[in-house]
Amino acid sequence: PIPLDGNWKLVLETFLESYHFNYAHRDNLAQYYNGNVNTVDMLGRHLRTATSLRTIGPELTKKPVEEWVPENYIHVKYVLFPGTVMINTPQVLEFFQIVPVSVDKTIVRHASYSRMDLKDPANAAMFERIWESAHTVVQKQDFPYGVTTAHAGLKSGGLPKILFGRNE
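Residues numbered from 1 in each chain as written. Predicted model: local features only at pLDDT ≥ 70, side-chain atom pairs only at ≥ 80, totals over all residues. Heavy atoms only, no water.

Next up on the list: the nonpolar core. In terms of nonpolar packing, the biggest core is built from 18 residues, with Val11, Phe15, Val85 and Phe143 touching the most fellow members. When contributions to this core are tallied by element, the ones reaching two or more residues are β1 (2-4), α1 (8-13), β5 (84-88), β6 (92-102) and α5 (121-155). Tallying contributions element by element places α1 first for this core, with four residues. Those residues within four positions of valine 85 in sequence are excluded, and the remaining contacts are Leu12, Phe15, Lys77, Tyr78, Val79, Glu94, Phe95, Phe96 and Ile98. Membership of the second largest hydrophobic core comes to five residues, among which are Phe21, Tyr33, Leu53 and Val137. (Core = buried A, V, L, I, M, F, W, Y, C linked by side-chain atoms within 4.5 Å. Buried < 20%, exposed > 50% of the residue type's maximum accessible area, 1.4 Å probe, protein only. Helix = DSSP H or I, 4+ residues; strand = E, 2+ residues; numbered from the N terminus. Contact = heavy atoms within 4.5 Å.)

In structure tokens:
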């Protein structure tokens, strides 16, 4: 479990968009994903979003449409309100459970499940890299900036109100 000094809604917000990738994750996620480009499908109080890999254009345009396998280039995220996030890729299913403790305390549980045969050493190594990357990026970049710092700023009372975008 990852304990955080921040409101659970700020934790959830870190998973709702990709426009921050080019700035907050310029040395990692921005290298692989198209930042500020994703779909958002409202499913009642739940969401489905999709973010594409940078390789989608260069690789698919070289193939006939009949050979396209788009799911190899798109990572789909399901946000089940109020606090479950599942990131679905061809290699793994990432699971984040956001548990409010109080108005300014949250616990996040993170798990990753492999879609690959982990008996293959190359797959096992890839799975470890994916796990470490997801866990580290979220814990050391998203949460400090998007949750704990943001919560402290909001708590200070400096902003009388905040207007979020439509898909946030």
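So, about the pattern of salt bridges. Under the defined criterion, the tally for this structure stands at three salt bridges. Among the ionic pairs, aspartate 41 bridges to arginine 48, the shortest N-O distance being 3.3 Å. Under the relative-accessibility criterion, arginine 48 is labelled partly exposed at 31%. For the salt bridge of lysine 155 with aspartate 104, the shortest nitrogen-to-oxygen distance reads 3.3 Å. Highlighted residues: lysine 155 in helix α5 and aspartate 104 in the loop between β6 and β7 (105-114), separated in sequence by 51 residues. Judged by relative accessible area, lysine 155 falls into the exposed class, the value being 59%. (Salt bridge = Lys/Arg side-chain N within 4 Å of Asp/Glu carboxyl O.)

Coordinates in, geometry out; function isn't part of it.
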